[in-house]
Amino acid sequence: MRSWESALSVLEALCERGQAAGHGWTLDTEFVPPHQQHMSSLENQGLVELAGREDRAELSALEGRPMRWAAA
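Rules used in this analysis
- Counting of residues starts from 1 at the beginning of each chain's written sequence and follows it residue by residue.
- The predicted nature of this model means local features are confined to residues of pLDDT at least 70 and side-chain atom pairs, given and counted, to a pLDDT of 80 or more, with totals for whole chains, interfaces and linings taken over all residues.
- Note that water and hydrogens are dropped before the side-chain values are worked out from all heavy atoms of the structure.
- Any Lys or Arg side-chain nitrogen located within 4 Å of an Asp or Glu carboxyl oxygen qualifies as a salt bridge.
- Elements are defined by DSSP. Helices are runs of H or I of four residues or more, strands are runs of E of two residues or more, and each kind is numbered from the N terminus.
- Burial classes: relative accessible area under 20% of the type maximum marks a residue as buried, over 50% as exposed, and values in between as partly exposed (1.4 Å probe, protein chains only).

> Describe the pattern of salt bridges, naming the residues involved and giving the relevant values.
Going through the model one piece at a time under the given rule, you end up with two salt bridges. With a shortest N-O distance of 2.8 Å, R65 and D28 are connected by a salt bridge. With a gap of 37 residues between them, R65 in the loop between α3 (53–63) and β2 (70–71) and D28 in the loop between β1 (26–27) and α2 (33–44) connect regions that are remote in the sequence. The exposure class assigned to R65 is partly exposed, which follows from its relative accessible area of 26%. On the basis of relative accessible area, D28 is assigned to the buried category, the value being 6%. As a salt-bridge pair, R68 and D28 come within 3.7 Å of each other at their nearest N and O atoms.

In structure tokens form, the structure reads like this:
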């Protein structure tokens, strides 16, 4: 699979899961670590947003558990 095809696949999954969640964020339990690492590259390209400390705190309150990672 070409790198752009892989990126497109990850972006599609990110969009689907964020919409299903209702708050737009894809959470740490919904992506395996290799996909999470891929998000850094996509963030550097301006294609995704990784949740900052404040957003993770709000998501943690909504989910009732600590949120280590989230992307939109």
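More follows now that the structure is in view.
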